[in-house]
Amino acid sequence: MKKIIISAILLFSMKFLHAATAATQLEGSFKVGPAIILISILLLFILVGIIFRAKDTTDFYAAGRGISRVGSGMAIASNWMSAASFLGMAALMYGSGYHGLAFVVGWTGGYVLLLILMAGQIRKYGKYTAADFIGDRYYSKSLLAVGAIIAILISITYCVGQFAGIGLMFKWVLGIDYVWAVVIGSAVVLAYTLISGMLGVTKNMQIQYVIIIISFIIPLFILLYKFDYFWVLPQIGYGSVVSDIVSGVPLADSQGLVNSMGHAFAIVPSPEYAMPWDISTGSTFFQWIAIVFSLMIGTAGLPHVIQRFYVVPKARDARWSVVWGLFFICILYWSAPVYSAIGKILSAHPEVGMLNKDAIVVYTAQLGNIHPLIVGLLAAGGVSAAFSTVSGLLVAGASAFSNDLYVRVLRPNSSPKRQLLMARVGTVVMAIIVGFLALQNWALIGQLVAVAFSLAGVTIFPLFLLGIWWSGSNRAGAAAGVIAGMLVALTSITYFVAAKEGVALPYADFFAYWLGPWYFAWIGAPLAILANIIVSKLTKPTPLEIRKFLIEQVHS
């Protein structure tokens, strides 16, 4: 009996490994090994969510305010390293070369702004959500409601890219249609978020960070070693890969190095790959700077990022959590360009065809002939990245709906049980809207996410910046600033959606260039701040008790 069991196990293992190894098609095949890894990791997330599930609104909104500095830093990094970071950054650089680094610089620089300008002050103010702060600081229920609606819109916009990333990875692993992949992935992440709330989400984010980094880094060592580059530190070694792309790798110099499809490791010279702005790439100096600026201020205004400062015990912990978060983020950000560079050469052969840029991370690992189980772990890391961000976004949006709109504006006397129910209702509604928008497939993941940053940059960032650092900013000024910022945002997004749907609007080329959907905050934020200052100067000043609170509590 013992021999029969051992034989059966060996036979199953051989069949499993054969099936996993055979799953080398870039698209359209069910990949057994990657599917098992993905399902196992998703079950782990759900298990952690159940163990640390939210029992009340404090747990759901702010994780009981008991998360450590390092733990919060890992959660910030995990929450931040969305599908846009894990999949989208490599996609942007694969498609546009150095120009794509504008997204890396902007997203990283935004955390420096948060560290210097907001982290400690936000925690000292002591509110649960961004809208909560806006309503209290500007002493207006109307602005609280507006802030909540804006937070929900930002969360939905940000989630669209994440759902698209989840759909792509489910499509790649399961070999199913993109529509079904989005539906299945959306249902899983929704169920997980409803069960866990912020407490379970925060605990899961720490686990997700470890999975994200391990799955992202291991293939890089293998790829650079296999193709004879400096592999000890891939973040440095890939510089030689970029040089080879710029100068070209002749077929005679490929030295027998081939991708998984048998194509030689060769590429024609592509000097535009190392140019941040060039006519051949369709990008300009203005666009590069505008993207960096918009993403930086947008980072400092994202509701789900701001909300992470409420989960730590003290203001000092909030500042240190940003430092740790930035460190953990940089590990992945320094590594993402490696996939774009290696993928550029491995996919250069005409027989490979046009690959989906947003999936270039897993395609690069596949074309590099890395074992499918490791590629499966990489895909699972991409799903983990999307899950960690989506869950945080859904909680932030649900918090805005339940705590800010329902409790603070509509039903002030509702019970905690009722509040938690409304938070979950808000989560379901948001997920349905996001799933529908993700199916439209309007742009790359990184670009879709950048729209949310610009929206945050023209609305919430000015309110927090002036609300914390200038006591003269008042209710009327805040309203004027929001109106100015939203007018710019609505103009840009209207022209973007119209172009995607084939509707020709007047001056479309002008607005597409100067008010691009991923960087309209370059002009929207300064206009919002200017409108806030001017109107505040011309209207009734901020009440004395709010000025005293800012001096004695926030800036003490």
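From a predicted model like this one, the values you see are computed outputs, not experimental measurements.

Student: Explanation requested: the overall build of the chain in the structure shown.
Tutor: Scanning the chain for helices and strands turns up 23 helices and zero strands. Here the chain holds 556 residues, and 58% of them are scored as buried. By sequence separation, contacts in the chain at least 24 residues apart represent 84% of the contacts at least 6 residues apart. By element, 70% of the accessible surface of the chain is carried by carbon and sulfur atoms, the whole surface being about 21600 Å².

Student: Explain the packing of aromatic side chains to me, please; I cannot follow it from the model alone.
Tutor: Each pair of aromatic rings is reported with the distance of its centres and the angle of its planes. Counting across every chain of the model gives 24 aromatic pairs. Aromatic pair Trp324 and Phe327: ring centres 6.2 Å apart, planes at 85°, arrangement edge-to-face. Here Trp324 and its partner Phe327 are both found in helix α13 (residues 315-333), three residues apart, which amounts to about one turn of the helix. In this structure Trp324 comes out as partly exposed when scored by relative accessible area, which is 32%. Judged by relative accessible area, which is 45%, Phe327 ranks as partly exposed. Counting every residue linked through ring pairs, the aromatic cluster contains Phe286, Tyr513, Trp514, Tyr519 and Trp522. Sitting over the face of the ring of Trp172, Lys31 holds its NZ or CZ atom 4.8 Å from the ring centroid. The side chain of Lys344 reaches across the aromatic face of Tyr94, ending 5.4 Å from its centre.

Student: Would you mind showing me how to read the side chain of Asn532 here?
Tutor: Considering the arrangement of structural elements, one finds Asn532 in helix α22 (residues 521-538). Relative accessible area serves as the criterion here: at 1%, Asn532 is assigned to the buried category. Those residues in contact with Asn532, other than ones at most four positions away along the chain, are Tyr138, Leu463, Leu466, Ser473, Gly477, Ala478 and Gly481.

Student: Help me understand the packing of helix α6 (residues 101-125) against helix α19 (residues 460-469) in this model?
Tutor: Helix packing geometry: the angle between the two helix axes and the distance between the axes. Contact pair α6 / α19: the axes reach a minimum separation of 10 Å and the direction vectors enclose 75°. Relative to α19, the element α6 lies roughly perpendicular. Mapping the contact onto sequence places Ile116, Leu117, Met118, Gln121 and Ile122 in α6 and Phe461, Phe464, Leu465, Ile468 and Trp469 in α19.

Student: Would you explain the environment of Val323 in this entry?
Tutor: By secondary structure assignment, the location of Val323 is in helix α13. Taking the C-alpha atoms as reference, Val323 lies 8.6 Å from Val112; in sequence the two are 211 residues apart.

Student: I would appreciate a short explanation of unusual backbone geometry in the present structure.
Tutor: Phi at Asn369 is positive, roughly 60°, even though this residue is not glycine. Following the sequence through the fold, Asn369 ends up in the loop between α15 (360-367) and α16 (372-410). Since its relative accessible area comes to 46%, Asn369 is described here as partly exposed. Unusually for a residue other than glycine, Tyr507 sits at a positive phi of about 60°. Here Tyr507 is to be found in the loop between α20 (475-500) and α21 (508-514). Residue classification places Tyr507 among the exposed positions, given a relative accessible area of 65%.

Student: Help me out: how do you make sense of the environment of Leu448 in this one?
Tutor: In this fold, Leu448 is placed in helix α18 (residues 445-458). Here Leu448 falls in the buried class, since its relative accessible area comes to 8%. Sequence separation between Leu448 and Ala438 is ten residues; the distance between their C-alpha atoms is 9.5 Å.

Reading the values: the criteria
In this convention, every chain numbers its residues from 1, walking through the sequence in written order. Where local features are concerned, this predicted model is filtered to residues with pLDDT of at least 70; where side-chain atom pairs are given and counted, the filter is 80 or more; whole-chain, interface and lining totals use all residues. Excluding hydrogens and water, the side-chain values take into account all heavy atoms of the structure. The secondary structure listing takes helices from DSSP runs of H or I that are at least 4 residues long and strands from runs of E that are at least 2 residues long, numbered from the N terminus. We call a residue buried when its accessible area falls under 20% of the maximum for its residue type, exposed when it is over 50%, and partly exposed in between, using a 1.4 Å probe and counting protein chains only. Only heavy atoms matter for contacts: two residues are in contact if any of them lie within 4.5 Å across the pair. Using the Shrake-Rupley algorithm and a 1.4 Å probe, accessible areas are obtained, with residue cover drawn only from the displayed protein chains. In summary, the pairing rule links any two rings of Phe, Tyr or Trp, Trp by its six-membered ring, whose centres are within 6.5 Å, and it sorts them by plane angle into stacked for under 30 degrees, edge-to-face for over 60 and tilted for everything else. Criterion for a charge above a ring: Arg CZ or Lys NZ at most 6 Å from the ring centre, at most 35 degrees from the ring normal. Helix axes use the C-alpha atoms of the stretch in contact, all axes being lines fitted to C-alpha atoms, and the angles between their N-to-C directions lie in the range 0 to 180 degrees. In these notes the angle categories are as follows: under 35 degrees is roughly parallel, over 145 is roughly antiparallel, 65 to 115 is roughly perpendicular, and the rest is oblique.

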